[in-house]
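# Residue-level structure breakdown
What follows is the residue order along each chain.
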Amino acid sequence: MTLTTFDAHPRSSLVVALDFDSLSSAVKFAKQIADLVGMFKIGNQLFTAAGPAAVKEIAALGAGVFLDLKYHDIPNTVAGAVLSAASMPGVQLLNVHALGGKAMMEAAAQAISAGVPMGADRPRLLAVTILTSMNQKAMKEAGIGGAPKMRVVKLAQLAKKAGVDGVVASIQEAKAIRKACGPDFLIATPGVRPKDSAVEPKSDDQARKATPTEAIRAGADFLLVGRPILAALDPRAAAQSIVDEIAAAK
Ligand code: C5P
């Protein structure tokens, strides 16, 4: 079984989040920038509204797809979901919650290979460690002890042990994860904000942000970017300038 490999072009590191509530608006937007990005991220909002047709139509534009559905259920159910997701066209990345435990992640890692036709590349599997929206207080309320960074690194190590290919994590945690999990472990980081970002500071809910340069230097393999491109007056120019920044930082 071969792994999906990502070409060396800096655009491969740019993953644009299609946070839309209808497939027609997502496709209309994605068409404008499909040649400039490595992947489009289809999350729970778009997938719940449009289902597998969203993956099919977006994949047909030529970029890869990160199916960001963050599975978290009993191992058997997650394995079934991963099997279906891995057989969808163009899916290069998909993910589960690390808090589902080691057996759940192992089931997902096994299923991701089984769902792909013989000889084809399999997608890579990522784990979400602790949601970046949770601080130490929110974690404690939910019964998760310890400092967030320590917990995130431990969950990343558990994911690696279970056969998961990488994690989604904040830029601030990327360095510690890279050190603990080695050079081949994939790290995808949200909260990317170029210096001239189109996102209004007062409407920005990302507590932990960094520029594309800082994200790449911290060890990120993929930058998950939404509003800096979605809300830009010129989305092509915004995407191109992030790709240029990635190229310069690598
Ligand atoms: O608009 P913005 O650039 O903040 O979008 C970042 C994308 O990354 C969104 O789709 C968001 O759901 C996603 N994401 C995140 N934090 C995580 C995981 C995913 O912001 N921990």
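Keep in mind it's a predicted model, so treat the numbers as computed, not measured.

## Considering the overall build of the protein chain
- Regarding its fold elements, the protein chain presents 11 helices and 10 strands.
- For 250 residues, the compact-globule formula gives about 18 Å, and the C-alpha radius of gyration of the protein chain, at 17 Å, lands near that figure.
- Burial status across the protein chain gives 52% buried among its 250 residues.
- Taking contacts inside the protein chain between residues at least 6 apart in sequence as the whole, the part at least 24 apart equals 68%.

## Thoughts on the pairing of strand β9 (residues 186–189)
- Neither face of β9 is open: one carries Leu186 and Ala188, the other Ile187 and Thr189, and all of them are buried.
- In terms of strand pairing, strand β8 (residues 166–168) meets β9 through three bridges, oriented parallel. For valine 168, the partnering residue across the bridge sits in β9 and is alanine 188.
- Taken together, β8, helix α8 (residues 171–181) and β9 form a β-α-β motif whose crossover is right-handed.
- Considered for its hand, the β-α-β crossover made up of β9, helix α9 (residues 212–217) and strand β10 (residues 222–225) is right-handed.

## A short note on the pattern of salt bridges
- If you walk through the whole model with that rule in mind, you get 10 salt bridges.
- The partner of aspartate 35 in a salt bridge is arginine 236, and the shortest N-O contact between them spans 2.9 Å. Of this pair, aspartate 35 sits in the loop between α1 (23–33) and β3 (39–43) while arginine 236 sits in helix α11 (residues 235–249), placing them 201 residues apart in sequence.
- Since its relative accessible area comes to 46%, aspartate 35 is described here as partly exposed.
- Note that aspartate 68 is salt-bridged to lysine 70, the shortest N-O span being 3.0 Å.
- Judged by its relative accessible area of 5%, aspartate 68 falls in the buried class.
- What makes lysine 70 partly exposed here is its relative accessible area of 27%.
- Here the salt bridges share partners, and the residues they tie into one network are Arg193, Asp204, Lys209 and Arg227.

## So, unusual backbone geometry
- With phi around 45 degrees, lysine 70 is a residue other than glycine that occupies positive phi space.
- Mapping lysine 70 onto the fold places it in strand β4 (residues 64–71).

## Examining the site of the ligand
- Around the ligand, a shell composed of Ala17, Asp19, Lys41, Thr132, Val168, Pro190, Arg193, Gln206, Val225, Gly226, Arg227 and Pro228 is seen.
- Between the ligand and the protein, one listed contact pairs an oxygen atom with a side-chain N or O atom of aspartate 19 at 2.8 Å.
- Between arginine 227 and the ligand, the recorded distance is 2.7 Å, taken from a side-chain N or O atom to an oxygen atom.
- About the coverage of the ligand: the protein hides 85% of its 460 Å² of free accessible area.

## Things to note about the layout of surface pockets
- Taken as a whole, the largest pocket spans an internal volume of roughly 700 Å³.
- Lys41, Lys70, Thr132, Pro190 and Gln206 are the residues nearest the centre of the largest pocket, which is lined by 31 residues in total.
- Elements that contribute at least two residues to the lining of the largest pocket include exactly β3, α2 (44–50), β4 and β10.
- Within the lining of the largest pocket, the residues separate by chemical class into 13 nonpolar, 10 polar and eight charged.
- Size it by volume and the second largest pocket reaches roughly 220 Å³.
- Forming the boundary of the second largest pocket are 15 residues, of which Phe6, Ser13, Asp221, Phe222 and Lys250 lie nearest the centre.
- Considering only residue class, the lining of the second largest pocket consists of six nonpolar, four polar and five charged.

## Notes on the nonpolar core
- Membership of the largest hydrophobic core comes to 80 residues, with the highest contact counts inside it found for Leu14, Phe40, Leu67, Val96, Ile177 and Ile229.
- Broken down by element, this core gets its largest block of residues, seven residues, from helix α5 (residues 102–114).
- Apart from residues no more than four positions distant in its own chain, valine 96 is found in contact with Lys70, Tyr71, Val78, Val82, Met104, Met105, Ala108, Leu125, Leu126, Ala127 and Val128.
- Ranked by size, the runner-up nonpolar core spans 11 residues in total, among them Val15, Leu126, Val168 and Leu186.

The rules we used
- Residues numbered from 1 in each chain as written.
- Predicted model: local features only at pLDDT ≥ 70, side-chain atom pairs only at ≥ 80, totals over all residues.
- Heavy atoms only, no water.
- Helix = DSSP H or I, 4+ residues; strand = E, 2+ residues; numbered from the N terminus.
- Rg over C-alpha atoms; globule rule 2.2 N^0.38 Å.
- Buried < 20%, exposed > 50% of the residue type's maximum accessible area, 1.4 Å probe, protein only.
- Contact = heavy atoms within 4.5 Å.
- Pairing = 2+ DSSP bridges.
- Right-handed = clockwise from strand over helix to strand, strands pointing away.
- Salt bridge = Lys/Arg side-chain N within 4 Å of Asp/Glu carboxyl O.
- Near = heavy atom within 4 Å.
- Polar contact = N/O pair within 3.5 Å; in protein donor to acceptor, adjacent residues only side chain to side chain.
- Areas by Shrake-Rupley, 256 points an atom, 1.4 Å probe, with all protein chains shown as cover.
- 1 Å grid on protein atoms, 1.4 Å probe; cavity = no way out; pocket = protein on both sides within 12 Å on 5 of 7 lines; lining within 4 Å.
- Points joined across faces, edges and corners; volume = space filled by probe spheres on them.
- Nonpolar A, V, L, I, M, F, W, Y, C, P; charged D, E, K, R; others polar.
- Core = buried A, V, L, I, M, F, W, Y, C linked by side-chain atoms within 4.5 Å.

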